[in-house]
Amino acid sequence: MKTHDLDAFDLKILDRLQANNRTSLSEIGKAVNLSAAAVQRRVRRMEDAKIIQANVAVVDPPAVGRPITLIVEVHLDSEQADILDNARNEFASVPEVQQCYYVTGAADFILIITATSMEEYAALSHRLFLENPNVKHFSTNVAMSRVKVSLAIPVEHGG
């Protein structure tokens, strides 16, 4: 399913689900003028097409003992394919890494990491960056506060 395969109903459904994916199909149907069965078919089609990639709970990090968010720029020694692939795989395998982006610009990767303490992050950074011969250097920014955190995608629709 390509973007142009999404009609106004699909986009309105996605808006509702991104705001609260526990909204009942009948409530969504009323809001978008479709039956609950039609909404269910559309949701299933978007899940099958991987447009809807997951239904997850958004957890407050401090509430579960992970109050520190760090934004890390990682610079690799080389941009050889095998080194990039190894870095991608390593970063993706670490539970504390919430997000990992391969980027253009000065850094090669930007990581969003959560930690219980600076001591935990120090140990993690030692393992991920200092012990890795392919990491040239890294720079860490500590978030002072979470101003906005969202994975919601703005979707365009008429109305």
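Residues numbered from 1 in each chain as written. Predicted model: local features only at pLDDT ≥ 70, side-chain atom pairs only at ≥ 80, totals over all residues. Heavy atoms only, no water.

S.K.: Honestly, the overall build of the protein chain in this entry has me stumped. Any pointers?
M.R.: A tally of regular secondary structure across the protein chain gives 5 helices and 4 strands. Counting from the amino terminus, helix and strand elements in the protein chain follow one another as α-α-α-β-α-β-β-α-β. Burial statistics for the protein chain: of 159 residues in total, 30% are counted as buried. For the protein chain, the proportion of contacts with a sequence separation of at least 24, taken over those separated by at least 6, is 65%. For the protein chain, the accessible area works out to roughly 10400 Å², and carbon and sulfur atoms hold 52% of it. The centroid of the 16 positive side-chain charges in the protein chain is displaced by 12 Å from the centroid of its 20 negative side-chain charges. (Helix = DSSP H or I, 4+ residues; strand = E, 2+ residues; numbered from the N terminus. Buried < 20%, exposed > 50% of the residue type's maximum accessible area, 1.4 Å probe, protein only. Contact = heavy atoms within 4.5 Å. Areas by Shrake-Rupley, 256 points an atom, 1.4 Å probe, with all protein chains shown as cover. Lys, Arg positive; Asp, Glu negative; His and termini not counted. Charge placed at Lys NZ, Arg CZ, Asp CG, Glu CD.)

S.K.: Would you mind showing me how to read the nonpolar core here?
M.R.: Across soluble globular proteins, nonpolar side chains have a tendency to be buried as a group. Counting residues in hydrophobic clusters, the biggest one holds 20 residues, and the most contacted among them are Val74, Leu111, Ile113 and Phe129. Elements with a minimum of two residues in this core: strand E1 (68-76), helix H4 (81-92), strand E3 (109-115) and helix H5 (118-130). Top contributing element to this core by residue count: E1, with 5 residues. (Core = buried A, V, L, I, M, F, W, Y, C linked by side-chain atoms within 4.5 Å.)

S.K.: When you look at the packing of aromatic side chains in this model, what are you seeing that I'm missing?
M.R.: To describe a pair of aromatic rings, one takes the distance between the centres and the angle between the planes. Counted under the stated rule, the structure contains 4 aromatic pairs. Between Phe91 and Phe129, the ring centres sit 6.1 Å apart and the planes meet at 65 degrees, which makes this aromatic pair edge-to-face. Residue Phe91 is located in helix H4, and its partner Phe129 is located in helix H5; the two are separated by 38 residues in the primary sequence. In this structure, Phe91 and Phe129 share a single accessibility class: buried. (Phe/Tyr/Trp six-rings, centres within 6.5 Å; stacked < 30°, edge-to-face > 60°.)

S.K.: When you look at the pattern of salt bridges in this model, what are you seeing that I'm missing?
M.R.: Opposite charge on two side chains makes pairing possible when the charged atoms of those side chains draw close. In this structure the tally under the stated criterion is 6 salt bridges. By sharing partners, the salt bridges in this structure join Asp7, Asp10, Arg42 and Arg45 into a single network. (Salt bridge = Lys/Arg side-chain N within 4 Å of Asp/Glu carboxyl O.)

S.K.: Would you take a moment to explain the pairing of E1 for this structure?
M.R.: If a strand is regular, its side chains alternate between the two faces of the sheet. Judged by how many residues are buried, E1 sits mostly within the fold: 7 of 9 residues are covered. Taken together, the 7 bridges between E1 and E3 define a ladder with antiparallel strand orientation. Across the sheet, residue Leu70 finds its bridge partner in E3, namely Ile113. Sheet topology places E1 next to strand E4 (residues 135-142); 7 bridges connect them, and they run antiparallel. (Pairing = 2+ DSSP bridges.)

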